[in-house]
Amino acid sequence: MTAFNEVSARIVKFLLGLRPGSVRESGRSYDFLLQQINRRRAQLHEIDGTQLQAIIHELRCQAWNDSLLVEVFALAADQTERILGLRLFDVQLLGALVMSEGKVAEMQTGEGKTLAAVPAICALTLASGGVHVLTANDYLAQRDATWMGDIYRSLHFSVGYVTQQMTAEERRKAYACDVVYATPNEVGFDFLRDQLCLDPSELVHQPFHSVLFDEIDSILIDEARIPLVIAGGDMTPPEMAHRCATIARRLRLNTDYGIDEYARNVHLLDAGAAKVETALRCGNLYDLRNVQPLTAILDALHAEALLRRDVDYIVKNNAIELVDEFKGRIAENRRWAAGLQTAVEAKENLPLKKQGQILGAITLENLTALYPRICGMTGTAATQAEEFFKIYGLEVVAIPTNRPMIRVDEKDLLFRTKADKEQALVEEITCVHATGRPILVGTASVAESERLSARLRQAGIPHHVLNARNDEAEAQIIAQAGALGAVTISTNMAGRGTDIPLGGTPPRQRQTILDLGGLYVIGTNRHESRRIDHQLRGRSGRQGDPGSSRFFISLEDDLMERFGIREALRDRTPEVEAIEHVQRIIEGQNLEIRQTLRKYEQIIEAQRRIIHAKRRDVLTAADRSVLASHAPELFQRLCLDLGGIRLAELERRLTLMKIDEAWSNYLADVAELRCGIHWVSLGGKNPLDEYLHQTAMSFERLLNGLDEQIIDAFSHLQLDPHGEWAGLPGLDRGATWTYVINDQPFGDLGERMAKAIVQLVSQTITGQ
Amino acid sequence: MPEERSPLFSSIKNIFSIPDLRNRVLFMLGLLAVYRIGAYIPTPGINHSALEQLFQAQSGTIFGFLDIFSGGNLRRFSIFALGIMPYITASIILQLATLVVPHLEKLSKEGELGRRKITQYTRYLTVVLTMFQGFMTAVALEKSGGTGPQIVEAPGWYFRFMVMITLTTGTAFIMWVGEQITERGIGNGISLIIFAGIVAGLPRAIHDIIVNVQQRTWSLFTVIILLVVMILVVAAVVFVERGQRKIPVQYAKRVVGRKVYGGQATHLPLRVNSGGVIPVIFAASIVSIPSTLGVVFPGTFMKSLASQLAQGMPLYNLLYVTGIIFFAFFYVSIIFNPMEVADNIRKYGGYIPGIRPGKRTAEFIDRILSRLTAAGAIYLVLVCLLPEFLMTGFKVQPIPVIGPTLDDFLASIGMSWVTTGLGVTFYFGGTSLLIVVGVAMDTVQQIESQLIMRHYDGFLKKGRIRGRRG
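Residues numbered from 1 in each chain as written. Chains lettered and ligands numbered in written order. Predicted model: local features only at pLDDT ≥ 70, side-chain atom pairs only at ≥ 80, totals over all residues.

This next bit is on the overall build of chain B. A tally of regular secondary structure across chain B gives 21 helices and four strands. Burial status across chain B gives 36% buried among its 470 residues. Counting contacts in chain B only where the partners sit at least 6 residues apart, residues at least 24 apart contribute 74% of the total. (Helix = DSSP H or I, 4+ residues; strand = E, 2+ residues; numbered from the N terminus. Buried ≥ 20, exposed ≤ 12 C-beta atoms within 10 Å, placed from the backbone. Contact = placed C-beta atoms within 7 Å.)

Per the secondary structure count, chain A includes 29 helices and 22 strands. Taking all 768 residues of chain A together, the buried fraction comes to 49%. Relative to all contacts within chain A whose residues are 6 or more apart in sequence, the contacts with residues 24 or more apart total 75%.

For the rest of this paragraph, the subject is the confidence of the model for chain A. Residues and elements named next belong to chain A. The pLDDT averaged across chain A works out to 83; a share of 87% of its residues lies at or above 70. Low pLDDT (under 50) marks residues 18–26, which in the prediction has nine contacts with non-local residues, meaning those over four places away or in another chain. Segment residues 741–752 is flagged for pLDDT under 50; beyond a separation of four residues in sequence, or across chains, it makes 27 contacts in the model. (pLDDT = per-residue confidence, 0-100.)

Below, the discussion takes up the pairing of strand 4 (residues 179–182) of chain A. Two faces make up the sheet, and in a regular strand the side chains alternate between them. Residue and element names in this part refer to chain A. The alternating pattern of strand 4 places Val-179 and Tyr-181 on one face and Val-180 and Ala-182 on the opposite face, and all of these are buried. Taken together, the four bridges between strand 2 (residues 131–134) and strand 4 define a ladder with parallel strand orientation. Bridge assignment links Leu-134 to a residue of strand 4, and that residue is Ala-182. Bridge count for strand 3 (residues 159–161) against strand 4 is three bridges, and the pairing is parallel. Residue pairing for strand 4: Val-159 is matched across the bridge by Val-179. (Pairing = 2+ DSSP bridges.)

The subject of this paragraph is the packing of helix 26 (residues 632–642) of chain A against helix 27 (residues 644–676) of chain A. Residue and element names in this part refer to chain A. Direction vectors running N to C along helix 26 and helix 27 enclose 115 degrees, while the axes themselves pass 7 Å from each other. As helix 26 runs across helix 27, the sense of the crossing is right-handed. Touching Leu-638, Cys-639 and Leu-642 of helix 26 are Gly-644, Arg-646, Leu-647 and Leu-650, all from helix 27. Grouping the constituent residues of the contact of helix 26 with helix 27 by class yields five nonpolar, one polar and one charged. (Axes fitted to C-alpha atoms, helices over the stretch in contact; angles between N-to-C directions. Left-handed = near helix turned anticlockwise from the far one by under 90°. Nonpolar A, V, L, I, M, F, W, Y, C, P; charged D, E, K, R; others polar.)

All names here are of chain A. Read from one edge of the open sheet, seven strands run 3-4-2-5-13-1-14, paired in parallel fashion. Of all the strands in the sheet, the pair left with one neighbour each is strand 3 and strand 14 (396–398). Recorded for the sheet is a direction-independent mean angle of 20 degrees between the axes of neighbouring strands.

Here the focus is the pairing of strand 17 (residues 439–442) of chain A. Residue and element names in this part refer to chain A. Here strand 17 shows no split at all, with Ile-439 and Val-441 on one side and Leu-440 and Gly-442 on the other all buried. Bridge analysis of strand 17 against strand 19 (residues 487–490) gives four bridges, and the strand direction is parallel. Of the residues in strand 19, the one forming a bridge with Val-441 is Ile-489. By the bridge criterion, four bridges tie strand 17 to strand 20 (residues 519–523) in an arrangement that is parallel. Looking at strand 20, one finds that Gly-442 is bridged to Gly-523.

Moving on, we get to the domain arrangement of chain A. If you check the domain split of chain A, you get domain 1 (2–227 + 366–398), domain 2 (237–353), domain 3 (417–554) and domain 4 (602–754). Relative placement of domain 1 of chain A and domain 2 of chain A: their C-alpha centres are 44 Å apart. (Domains from an automatic or database assignment.)

So, about the nonpolar core. Taken as a class, soluble globular proteins show a tendency for nonpolar side chains to be buried jointly. Residue and element names in this part refer to chain A. Counting residues in hydrophobic clusters, the biggest one holds 236 residues, and the most contacted among them are Phe-73, Leu-212 and Ala-300. Setting aside anything within four residues of it in sequence, one finds Ala-300 in contact with Cys-244, Ala-245, Ile-247, Ala-248, Ala-343 and Ala-346. Counting 40 residues, the second largest nonpolar core, distinct from the first, contains Leu-466, Ala-483, Leu-502 and Leu-555. (Core = buried A, V, L, I, M, F, W, Y, C linked by C-beta atoms within 7 Å.)

This brings us to helix 17 (residues 338–347) of chain B. Taken as a whole, helix 17 of chain B has its buried residues at Val-341, Ala-342, Ile-345, Arg-346 and Lys-347 of chain B. Just past helix 17 of chain B, the residue Gly-349 of chain B takes up positive phi, approximately 75 degrees.

Another aspect to go through is the packing of helix 11 (residues 240–250) of chain A against helix 13 (residues 291–305) of chain A. Residues and elements named next belong to chain A. Viewed as axis vectors pointing N to C, helix 11 and helix 13 meet at an angle of 55 degrees, and their least axial separation amounts to 8 Å. Considering their axes alone, helix 11 and helix 13 lie oblique with respect to each other. In this structure, the crossing between helix 11 and helix 13 has a hand that is right-handed. Residue-level contacts link Met-240, Ala-241, Cys-244, Ala-245, Ile-247, Ala-248 and Arg-249 of helix 11 to Pro-293, Ala-296, Ile-297, Ala-300, Leu-301 and Glu-304 of helix 13. Looking at the contact of helix 11 with helix 13, its residues break down into 11 nonpolar, no polar and two charged. (Parallel < 35°, antiparallel > 145°, perpendicular 65-115°, else oblique.)

All names here are of chain A. Residues other than glycine seldom take positive phi values, yet Glu-215 does so here, at roughly 55 degrees. One non-glycine residue, Asn-349, lies in the positive phi region at around 60 degrees. If you trace the backbone, Asn-349 turns up in the loop between helix 14 (338–347) and strand 12 (355–363).

What follows covers the confidence of the model for chain B. Residues and elements named next belong to chain B. Per-residue pLDDT for chain B averages 77, and the proportion of residues at 70 or more is 76%. At the level of individual helices and strands, chain B shows its lowest average pLDDT in helix 1 (residues 7–10), which scores 46, and its highest in helix 10 (residues 157–184), which scores 91. Across residues 1–9, where pLDDT falls below 50, the model places 13 contacts with residues more than four positions away in sequence or in other chains. Across residues 462–470, confidence stays below pLDDT 50; counting only partners more than four residues off in sequence or on other chains, it has 13 contacts. Interface confidence for the predicted complex, expressed as ipTM, amounts to 0.72; the pTM equals 0.78.

As for its placement among the helices and strands, Pro-102 of chain B is situated in helix 8 (residues 102–108). Separated by 176 residues in sequence, Pro-102 of chain B and Ile-278 of chain B place their C-alpha atoms 24 Å apart.

Take the environment of Leu-74 of chain B next. Residues and elements named next belong to chain B. Structurally, the position occupied by Leu-74 is in helix 6 (residues 73–76). Under the C-beta neighbour-count criterion, Leu-74 is labelled buried, with 23 such atoms within 10 Å. Residues Leu-74 and Trp-176, 102 residues apart in the sequence, show an inter-C-alpha distance of 19 Å.

Right, let's get into helix 11 of chain A. Residue and element names in this part refer to chain A. Within the span of helix 11, buried status applies to Met-240, Ala-241, Cys-244, Ala-245, Ile-247 and Ala-248. Take helix 11 and look down its axis: the buried residues cluster within an arc of 165 degrees, on one side only. For helix 11, the exposed residues lying more than 90 degrees away from the buried face are Arg-249 and Arg-250. Where helix 11 is buried, its residues contact helix 12 (270–280), helix 13 and helix 14. (Arc of directions from axis to C-beta.)

Here the focus is the environment of Arg-36 of chain B. All names here are of chain B. Its location among the elements puts Arg-36 in helix 3 (residues 19–38). Between the C-alpha atom of Arg-36 and that of Phe-173, which follows or precedes it by 137 residues, the distance is 13 Å. Sequence-distant contacts of Arg-36, defined by excluding residues within four places in its chain, comprise Ala-196 and Ala-200.

Next up, the structure:
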């Protein structure tokens, strides 16, 4: 009984918004709770509809307390069974318990995570007042909300979902629901738009209560630092972009420009600078007035030399689409920092899109911090447990599988050259294909998947290709990927969340395939993060099916090049074990980098909150007037001209705009400051200290200067003949996107730190 | 150039209103107190009053200088007698070694992990140095004392071994204390320990002044002048220490079409005095070698050399000044490689407006740096020599050929104070002053950034609570 009390007390503590301590507990303490839930579930199973209604009604009338946890779980499980005809396994309930305790449930792929979340969501909603369930894409949000909707409604919870195409009105309605399914991006963009609205009626969000992340590692680790950006102000891209693209095409590596060792940055050499000066006829390129052309040319060079079509991006429907490194699919709405995006468009001879000044930004990590309660689930969290705990205070609990996993993960095969590797790949595929066993090949990029496809065609092996270019066919290809004799070449797209049914849909000859050994997963590259590899492997051996996986890697792979492993292994016999070790180092270093950068970001996030709190005060409180208190004469004069109510309205809108403008400029200043802050170490100062000092000072200036700007704006007030204020700028605030953070030209802090990894890796490899 | 400071963050009151920061400051003060207590625990086997006499006789030698760093520990020969100096020596040695030893050079460029390894080496080297120094000190103590009372009560191997172990343990302990302060307290622990040693003498100095005034040795007027001079000197030191030339660095703009607000965001801050107190330490150690040898190996030649090189003698001053200037340039050339900096700027799309990246930029930086360092070296010379002149005067008599004439001439026009000094003990010597100011400034900046972070942390946490009530 004590175990039960302890666990349920901890869960309740979390549900009530108090963070639990960092105690690790054994699985046994959950057992008692599970028994209770199952016993209650059995009781409920016998009860008829009307009686059940009474029980549900009674539950909903009570204020949240300890004893309700078992009841909610039992009811949710019972309703799931009644409505969907699916019985929740104990492991699913266990996962739900872990989540309702505010932890990360690591559940193996194919164990029915979506369903497992339902009891946790019900409990969280009841305890906190609302839950956002954040999923990987719009399709999943809509599917899950529709699929699970009846369960929630049967328990008298309202449920809604948000997708990209929705209007503000639809969004407002959705967010008003108890349970909201959405993507983190949509929630973030709505949050940013809310922070820019000029009238309280435009707000769409309700206060945040709880959040449950599906695929939590993908969101909180892989994408945590990608800023969501809202921009406006309509700036035409520089007409110079096309000219620069032409010039950049003519410049040659190592004579005109250089690339740093790890292919992250380009710089002009003297000869190149001279050529550019002649071509642009601009005089000294390094003169202060030539900042624009210099920026454009460096962007063009970066686009030309470092960004590869069909690897980093694809061209689709006459537009640049970025490929998400982790997911292998098109990253909707993602782009490079302003100039670089334009440069890539110019490189591919596409129409240039307009750019805007950043009006607001928030990273997913900071967005997450706005929720008092966080929990989530994923198939791959264990390797990142340290990070989950350090950054988010989230503990990871591994949930056992319903049936034992019997997939065989075979040892990697390592080759010296890419050619050797591809040869072996084709042979292996031919060999296994002959038996009829289905094969899934995971490649690193669109280009690689197509190259392999060509080789297989030569070898006469029928296959399907799934990559960012033909994502419309995804569902169809995946449905048949498990069929007898199927060969599917894919990018990381077929990783996370993809369920490949053995025998295809509808299943045929399933037993034959089981006898052959199930799905064979081949990876053609190791990824920077082991989780991505595990996700790919996880496509095989689902729900106790047999299966196997193997990685084919070569010393010429991107990973090896990028971290100098190839160089380090030049004169040695490469060892497979070393590679996994390297991955661990890279993960550790990436964590360190993220932690350092976090320190730089925290102060800005705190300032953002201050600004937004101030903004909210202005937005909602109508009677506050800077004018009246600071410039009474002007106030009185304008009052006579415009009338009190209109003046108040005008002042409110103007104040909001001034705040937005100041914040936007401040963000740009900070971005610039970060470019060169590391130099202060030459003066014997700590860059972080100096950064804090500088940003604190200029933020204070920003706050102090606001009132003055407002008064100033009013003293130059111009009214048009209709008595409308002529000078009110109309900002286009529609544009939202996310930024790529790995590929910023002009090296940010993270960039510099990344170098350390390379050195560390090569050191480990050579064993010094 | 003085920068603006926010009143919001610099009030001492704030320190104590933030629990975490308060704890850090208290932790630091607590450990410094432990250090000071240890400074009064004597090393056994020593006749301390005899030792005191020895020190009074040798104020101009390396011992007097080392005593600054040990915070009077050497004089009292406490268990911390060697103080933190071996650690400083070890760091200097390793820093120089990174220039010549390829393995260390590689390490030094490997970021955090490499630095940690170098710190580890520094610790080992410190222990080795301390053992050696401890042993030598024991031997030296046995030999010294001459006609006076014996310093060592029971010479022999047992004594030497005991002193060696005691001093090594003491220094290792201080090293640990210093690192603990850096990690869990605030400021740089090692610097703060030196700082504490120097400042610990302050109350006594004040007491001395009061006694002097009471006994009418000094007039109140002298004291006031003295205080004003001191304040001015400290202010001047602070001013120069903060002085830097900001070379603007322009970065290719990431944000297109934006006006530039508030001037240059990025610059290379080149300090007037990049080396801090280090050139002085180097110069002083080298200049005092002959007079120290004079103590250890008595002989006619050494004796005359030592007397010429005693503090305040023209030859001493000449060597001292040359040393400071030399090491100021030397140190800057070690820590600052213009070519490397120029390459680094270029790699990240930066440039100094109007100047081509690469070689031209390196030359530009080099030129400015040379001029700054020249000014910095002159400043160091002034700070270090002026107090000495005030104390001992500028002895012109031993200067060859014109010396005696000049001496007579100055005496005849009533300016004999030039040669004999004002007879005023300037509490802070130049070296101490540089250290104290440097450490104080560092620590204040650290406290300040802690204050800023805590200030904003409040907002980050507030958001959470607000959300919870939501």
